[in-house]
Amino acid sequence: MSNFLTSSIGKKFILSLSGLFLIAFLCVHLALNLLLIFDNSGDLFNIGAHFMATNPIIKIVEPILAIGFILHIVLASILTIQNQKARPIKYARRNQGGNCEWSSRNMYILGAVVLIFLAVHLYNFWWNIKFPTLGTPLAETTVDGVAMEDTYLLVSSLFKTSVVYCLLYILGGIFLGLHLTHGFWSAFQSIGFCNQIWRKRLECLAKIFAFIIAVGFCIIPLYFMLGFAGN
Amino acid sequence: MADKILKELTLKIWRQKDAKSKGGFETYKIHNVSTGSSFLEMLDILNEQLVSENKEPVAFDHDCREGICGTCSLFIDGRAHGPDDDVTTCQLHMRRFEDGATITIEPWRCGAFPVIKDLIVDRGAYEKILQAGGYVSVNTGGVPDGNAIPIPKDKADEAMDAAACIGCGACAATCKNSSAMLFVAAKVSQLALLPQGKVEAARRAKAMVAKMDELGFGNCTNTGACESECPKSISIEHIARLNREFLKAKLKD
Ligand code: HEM
Ligand code: SF4
Ligand code: FES
């Protein structure tokens, strides 16, 4: 096992596992976020957010998630730097259009845009929820007699007041979707779970999944931006 | 059907005196090339022209000129083995080009394949990977009966498809990461699929991947460009098998 992590396939293996873990996280995250647009009073989303904030399992998963992100980013960076070095003299003329998908060639750039978005996103919400004393303190609300933070107000007021943030979140969703059109099936190929038949299935599934993720995350800021939640 | 004549072509060709020299593009004009001639024949005509002008001919690799040896190379107009799919440069014909066209010809660009002269690169890195494990150990003795070990037809076919690799290097040359995974996967698959090769499968996968990494090839990101450019249409499903073989072998350690 010693040189597993220095081998190309070993690094790809960890990158894939971290990627798949992040995909699992995205599914939960999106499901929870969609509560935002199904109840304009915000109670549904507040209950969901309160459940996540107080659930002991989530407490354990949170640091693992952070590690997953860090592993993914660090390995992606190492692999990308090595790949750049592997061709010291570049071609004068290159025509890759017919060879492979644009997203597959630009995974690092797509990932980097997602990362920038992630930083803004964490600052917007996570920071204010975790450290209410440092940022803007969260309002309190009561749902069914239980007092909890009004997370809905935090999210909805951001999207209702700032078109710029809405557009940024929509862009973030689109770039994440593009990352996943390739990433989803690539992860299975990297761990060896692929053959002629499964390749077609996984590539198709990747497109559907990426579409659901992109549309799912875009629809939320759009909903508020277009005034469906009232003013 | 009579072949048409391309009246004039402009060739932008990479010229480099030797491995240590810097090199650069030279532009040449060539006239009256038949569309029926192969790309390498066109370069032959250019070289005759250069020799008659007392200039150094362009060095390029070739041998069988019928797509079976894997010696020819060339990055033509931004693509390995030129604009056609599933052919080597020696099988490419001038009918693929328009009269008056400018054609850019570069050597394989890959750190592990250094340029020796003009368009010739040293593909010894692929030999080294093969030497690391791309074989089946056989004891001396009488010739074994070829049919003594039954092999299912589908496995034999898959192994045969992988064995079609001619080691041309287009996969690493075209890959945005300069990864040699398609070549290594073809060689590992071709043997791992057969009973005779299974015995050493774990050691082979580990040794060949280690050699590939050591020689400075990049990391595969599954873009699939190699498969599109491979003259033998080797499928990247073999890369999935290589990943499996390697991960299995490592987990057992
Ligand atoms: C929620 C966020 C993210 C998810 C769900 C995600 C998911 C994935 C998946 C599933 C893969 C395929 C793994 C493989 O083939 O081995 C992948 C690959 C990759 N990711 Fe991400 N990723 C995310 C964020 C990022 C970030 C922030 C970066 C960079 C700063 C990044 C850079 C890369 C790169 C360079 C690859 C390699 C391309 C490849 O092998 O196909 N990703 N990602
Ligand atoms: S896998 Fe295809 S492109 Fe790569 S060396 Fe073999 S024949 Fe050439
Ligand atoms: S010269 Fe033999 S394959 Fe082209």
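Residues numbered from 1 in each chain as written. Chains lettered and ligands numbered in written order. Predicted model: local features only at pLDDT ≥ 70, side-chain atom pairs only at ≥ 80, totals over all residues. Heavy atoms only, no water.

Draft legend 1. Looking closely at helix α8 (residues 196-225) of chain A. Residues and elements named next belong to chain A. With 30 residues, α8 ought to run about 44 Å at 1.5 Å a step, and its terminal C-alpha atoms sit 44 Å apart, in line with that. By the largest-angle criterion, isoleucine 219 marks the main kink of α8, which is about 30°, and a proline, proline 221, follows within four residues. Capping the start of α8 is the job of one residue whose side-chain oxygen sits 3.0 Å from the backbone nitrogen of isoleucine 197: asparagine 195. Where α8 terminates, the next one or two residues include glycine 227, which has phi positive at roughly 80°. (Helix = DSSP H or I, 4+ residues; strand = E, 2+ residues; numbered from the N terminus. Expected span 1.5 Å × (residues − 1). Bend = angle between axes of the 7 residues up to and from the residue. Polar contact = N/O pair within 3.5 Å; in protein donor to acceptor, adjacent residues only side chain to side chain.)

Draft legend 2. Structural detail: the interface of chain A and chain B. On the chain B side, the residues contacting the 38 residues of chain A number 50 residues. Summing both partners gives a buried area of about 3600 Å² for chain A against chain B, and 50% of it is carried by carbon and sulfur. Per-residue buried area on chain A facing chain B is highest for Ile9(A), Tyr91(A) and Arg93(A); these three make up 18% of the total on that side. In this structure, the connection of chain A to chain B is made through 2 salt bridges. Of the charged contacts, one joins Arg93(A) and Asp77(B) as a salt bridge, the two residues approaching to 2.7 Å between their closest N and O atoms. Every element with two or more residues in the side of chain A that touches chain B is listed here: α1 (8-33), α3 (56-85), α4 (102-105), α7 (163-190) and α8 of chain A. For the side of chain A that touches chain B, a count of residues per class yields 14 nonpolar, 17 polar and 7 charged. (Contact = heavy atoms within 4.5 Å. Buried area = accessible area lost by both parts, 1.4 Å probe. Salt bridge = Lys/Arg side-chain N within 4 Å of Asp/Glu carboxyl O. Nonpolar A, V, L, I, M, F, W, Y, C, P; charged D, E, K, R; others polar.)

Draft legend 3. Molecular detail of the packing of aromatic side chains. Taken as a whole, this structure holds 21 aromatic pairs over all chains when the rule is applied. With a centroid separation of 5.1 Å and an interplanar angle of 75°, the aromatic rings of Phe113(B) and Tyr126(B) are classed as edge-to-face. In this pair, Phe113(B) is assigned in the loop between β5 (102-106) and β6 (115-117) and Tyr126(B) in helix α2 (residues 124-133), connecting sequence segments 13 residues apart. Comparing Phe113(B) with Tyr126(B), the two get one shared label, buried. Put simply, the rings of Phe117(A), Phe125(A), Tyr152(A), Phe159(A), Tyr169(A), Tyr223(A), Phe224(A) and Phe228(A) touch in pairs and so form one group of aromatic residues. Positioned above the aromatic ring of Trp198(A) is the side chain of Arg201(A), whose terminal nitrogen or guanidinium carbon lies 4.8 Å from the ring centre. (Phe/Tyr/Trp six-rings, centres within 6.5 Å; stacked < 30°, edge-to-face > 60°. Buried < 20%, exposed > 50% of the residue type's maximum accessible area, 1.4 Å probe, protein only. Lys NZ or Arg CZ within 6 Å of the ring centre and 35° of its normal.)

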